[in-house]
Amino acid sequence: MASNIPEESTSFVGRRTELRRLGGELTRHRLITLTGTGGVGKTRIAMRAARAAAARFPDGVHWAPLWPLDGDQLLVATVCDAVGLADHSARTPVAALCEWLADKDLLLVLDSCEHLVAACRDLVGDLLTAAPGVTVLVTSREPLGVPAEWTTEVGPLPCTGENDALALFTERAGAAAPHLPLTDPTNARAADLICRRLEGIPLALELAGAQLAHRPLAQVAERLGSRLDALDGSGLSWTPRHRTLRTAIGWSHELCAPLERLLWARLSVFRGTFDADSAAAVCADGPLTADAVRTALAGLTAKSVLSRQGNRFRMLDTLREYGRMWLAELDETTAVADRHAEHFVGLGRSAEDGWLGPDQVTWYGRIAEVYVDLCTALDHLLDSAPGRAQELCAAIGFFWTCCGHLHEARDYLERALAVEDASGPAHTRALWALGVAVLLQGELHTAESLGRQCARAAREAGDRDAMLAAGYLIGLTHLMAGRPLTAHTVADQVLGPPPHDPFGSAARLRCHLVRLFALTALGRLDEARHTATVLRQGCVRRGEYWSRSYIDFQLGLISLFQGQPEESADHARAMLDAKRLLGDNFGIALGLDLLAAAVAAQGKGLVAAEVYGGGQAVWRTVGHPQRGTPELRAMREQCEQRARAAIGDEAYAAIFDRAAEQNPETLLARILAGEL
């Protein structure tokens, strides 16, 4: 059963009544919105409720965190990621998402919708209409306003009776000051007073508890009392609970060291999680040196302003809002946004330079990890420095097109090319990356046109590597159109006469791949096998996976065509292992088709039916029934008929259909574990 509910990093206290009520509501309503002030615990309740309800949803629970989004541009993409859809079609993302969910029975959680209420209202309305089996659980400071929405307000923890507020504060105080005797009557009274003054708001209690690592309990209670008596004199119309939380945050802010406060403000530029190196690169300036950033990170984490997730940090929305307010007061908003954008341009450039090296898989992971901040940087650069936006788009476009962000890659590339039409290396590379994106969406004519524009610009600039990139795009377009001889000719022309090092650049290696694909399609199998074997050895020596996976695919095809299905299956499994590391669903779908054909050729009809069905499930995630070069179609059909003949049509259809409806990740894990 699929589920991507975040893991809880701290203990959960109370909320038995709320969870019992919410459990019942999830059985009666298709849209439930948990409302309440920031920091009151909506997300934690949603996590617990979703986990408890998971067994009732055959297609799982899917968590979409909306807190990193600044605007609604990435809303649909974030939900697609959450439900496992990596659409490669030219449809609108909303249409693809509605079609994907139409037959699903699942729970979708949209966490932190308050800054995207209008966009979420429209999207949820579309999903509830298109997908009758989908239930949506929302957390937001205000309702969405969708018809049939059931709203449940989340209040603070009670400070009387079972006194869950005191229980939470006691746990957090114990972590910050383990030797503090809270059972002492004087300390117990002070703790109870703090909980009452903070009205049981969990985030406020967390911040207060963290201060006990640095200050006596009595002082914390006294300082809180003086601050809350005055509340906030700004005159803004906050609700009483919101005023209490804002005042508690302000009090925590005052108790931070000056450099910690400065870092708090500057870190508010990050939309997603971040590591210490990125924090230092973006936030170090003036008195806040790189070393001081690392010291201040530790201080803010100890004070619960930041939470740590492995080697990465996160700031809660409410605390980020406060930091952004102070960043504006310091008049640093633009300067920090500029440094943030430049940092991610540099990261994109490093990723592109490292694509061919031993850290290729690591770079795919890093680009995926900072996806939201890359989008934030691009949005800033499109307004302030379009040429730099082109450079960043070109650097990360190939990563995105391969790993689930094809629509976003195309959108940003088109926008960057539209606002900056000047020629230059970045412009040419952006044309190439856009061509790859539209090719993967099936628009062969547009891709070929972009390839020729790229080739023309490269010739005019005398840019040899850009010529190779254009050759790869044009050659791949011919392959997808069923013209392998033309593809082979293009690759030979752009590579030039041998000898030449296939690993001289990423673009050169990709052209060698086009040539290899063409050799296989032309039936020159012995030559193709020799070429593939040499290329694969070079990839293994360099720790390169993307090209190696497609070389394994070709070796698998060659083995199948030459009557060696066991060897073909081994290559298919190697391809699947690499594609799993890269997160490439398109490649996984191709690999499953190849493996199914190989086991069918061995007479294993039951296994072939299951793997073919799993492949169909993955093809659905990329929005196509099946894709690839045209010569694959006959091979697929022939091997499928062989599997049907081995076990009978009825048995084949039953196994295929069952596998097509299951989570393909489970099937992939079994394959890589050697069970299939």
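The rules behind the values
- Residues numbered from 1 in each chain as written.
- Predicted model: local features only at pLDDT ≥ 70, side-chain atom pairs only at ≥ 80, totals over all residues.
- Heavy atoms only, no water.
- Helix = DSSP H or I, 4+ residues; strand = E, 2+ residues; numbered from the N terminus.
- Buried < 20%, exposed > 50% of the residue type's maximum accessible area, 1.4 Å probe, protein only.
- Contact = heavy atoms within 4.5 Å.
- Areas by Shrake-Rupley, 256 points an atom, 1.4 Å probe, with all protein chains shown as cover.
- Lys, Arg positive; Asp, Glu negative; His and termini not counted.
- Charge placed at Lys NZ, Arg CZ, Asp CG, Glu CD.
- Pairing = 2+ DSSP bridges.
- Disulfide = S-S within 2.5 Å.
- Expected span 1.5 Å × (residues − 1).
- Axes fitted to C-alpha atoms, helices over the stretch in contact; angles between N-to-C directions.
- Phe/Tyr/Trp six-rings, centres within 6.5 Å; stacked < 30°, edge-to-face > 60°.
- Lys NZ or Arg CZ within 6 Å of the ring centre and 35° of its normal.

**Student:** Where do I start with the overall build of the protein in this structure?
**Tutor:** Of regular secondary structure, the protein possesses 32 helices and eight strands. With respect to the principal axes defined by its C-alpha atoms, the protein has extents near 85 × 60 × 45 Å. A burial count over the protein gives 57% of its 676 residues as buried. If you take every contact in the protein between residues at least 6 apart in sequence, the share linking residues at least 24 apart comes to 74%. Approximately 26600 Å² of the protein is accessible, and the part contributed by carbon and sulfur atoms is 53%. Once the 68 positive and 82 negative side-chain charges of the protein are each reduced to a mean point, those two points are 2 Å apart.

**Student:** Please explain helix H12 (residues 276-283) as it appears in this structure.
**Tutor:** Note: α-helices contain 3.6 residues per turn, so residues at a spacing of three or four share the same orientation. Looking only at H12, the buried set comprises Ser278, Ala279, Ala280, Val282 and Cys283. The secondary structure elements touched by the buried residues of H12 are helix H11 (258-267), strand S6 (274-275), helix H13 (290-302) and helix H15 (333-353).

**Student:** Could you clarify how one ought to interpret the pairing of strand S8 (residues 312-315) in this entry?
**Tutor:** Both faces of S8 are covered, namely the face carrying Arg312 and Arg314 and the face carrying Phe313 and Met315. Here S6 pairs with S8 via two bridges, running antiparallel. From the neighbouring strand, aspartate 275 faces S8, where its bridge partner is arginine 312. By the bridge criterion, four bridges tie strand S7 (residues 306-309) to S8 in an arrangement that is antiparallel. Its bridge partner lying in S8, serine 307 is registered against arginine 314. Linking S7 to S8, which pair antiparallel, is a turn of two residues; within it glycine 310 sits at a positive phi near 70 degrees.

**Student:** Please clarify how the state of the cysteines should be interpreted in this entry.
**Tutor:** Disulfides are covalent bonds that connect the sulfur atoms of two cysteines. In total, this model carries zero disulfides according to the counting rule given. Of all cysteine sulfurs, the one in cysteine 98 lies closest to cysteine 80, which takes part in no disulfide; the gap is 9.4 Å. Not engaged in a disulfide, the cysteine cysteine 120 finds its nearest cysteine sulfur in cysteine 113; these two sulfurs lie 3.7 Å apart.

**Student:** Explanation requested: unusual backbone geometry in the structure shown.
**Tutor:** Peptide bonds are trans in most cases, and residues, glycine excluded, mostly fall at negative phi. For serine 112, which is not glycine, the phi dihedral falls at a positive 75 degrees. Among the structural elements, serine 112 can be located in the loop between strand S3 (106-111) and helix H5 (117-130). Classification of serine 112 by relative accessible area gives buried; the value is 8%. Positive phi outside glycine occurs at serine 304, with the angle close to 65 degrees. For serine 304, the position within the fold is in the loop between H13 and S7.

**Student:** Which parts of the structure should I look at to understand H15?
**Tutor:** Counted at 1.5 Å a residue, the expected span for H15 with its 21 residues is 30 Å, and the 30 Å between its end C-alpha atoms agrees. Of all the positions in H15, only Val336, Ala337, His340, Ala341, His343, Phe344, Val345, Leu347, Gly348 and Ala351 are classed as buried. Tucked into the core, H15 has its buried residues touching H11, H12, helix H14 (317-329), helix H16 (360-369), helix H17 (371-384) and helix H18 (386-402).

**Student:** Hey, could you run me through the sheet that holds S7 in this one?
**Tutor:** Taken in spatial order, the three strands of this open sheet run S6-S8-S7, and their pairing is antiparallel. With one partner strand each, in any of the chains shown, S6 and S7 form the two edges of the open sheet. In the packing of H13 onto the sheet, the strands contacted are S6, S7 and S8, and the crossing angle to S7 comes to about 100 degrees.

**Student:** How should I be thinking about the sheet that holds strand S5 (residues 150-153) in this particular structure?
**Tutor:** As summarised here, the arrangement of the five strands in space is S2-S3-S4-S1-S5, forming an open sheet in which the pairing is parallel. With partners counted over all chains shown, the strands left at the sheet margins are strand S2 (61-65) and S5, one partner each. The sheet shows a mean angle of 15 degrees between the axes of neighbouring strands, direction not considered. Sheet analysis places strand S1 (residues 31-35) next to strand S4 (residues 134-140), joined by five bridges and oriented parallel.

**Student:** Help me out: how do you make sense of the packing of aromatic side chains in this one?
**Tutor:** Geometry of an aromatic ring pair is reported as the spacing of the ring centres plus the angle between the planes. What the rule picks out here adds up to 16 aromatic pairs. Seen in terms of ring centroids, tryptophan 355 and phenylalanine 398 are 5.9 Å apart; in terms of plane orientation they differ by 75 degrees. Their pairing is edge-to-face. Pair noted here: tryptophan 355 is in the loop between H15 and H16 and phenylalanine 398 is in helix H18, with a separation of 43 residues, a long-range link. The class for tryptophan 355 is buried, based on a relative accessible area of 2%. Every member of this aromatic cluster is reached through a ring pair, and the members are Trp355, Phe398, Trp432, Tyr472, Phe517, Trp546 and Tyr550. Across the ring face of tryptophan 100, the terminal group of lysine 104 is positioned such that the distance to the ring centre comes to 3.7 Å. Above the face of the tryptophan 355 ring, arginine 510 is positioned so that its terminal group lies 4.1 Å from the ring centre.

So, to be careful, I would describe these as geometric facts and stop short of saying anything about function.
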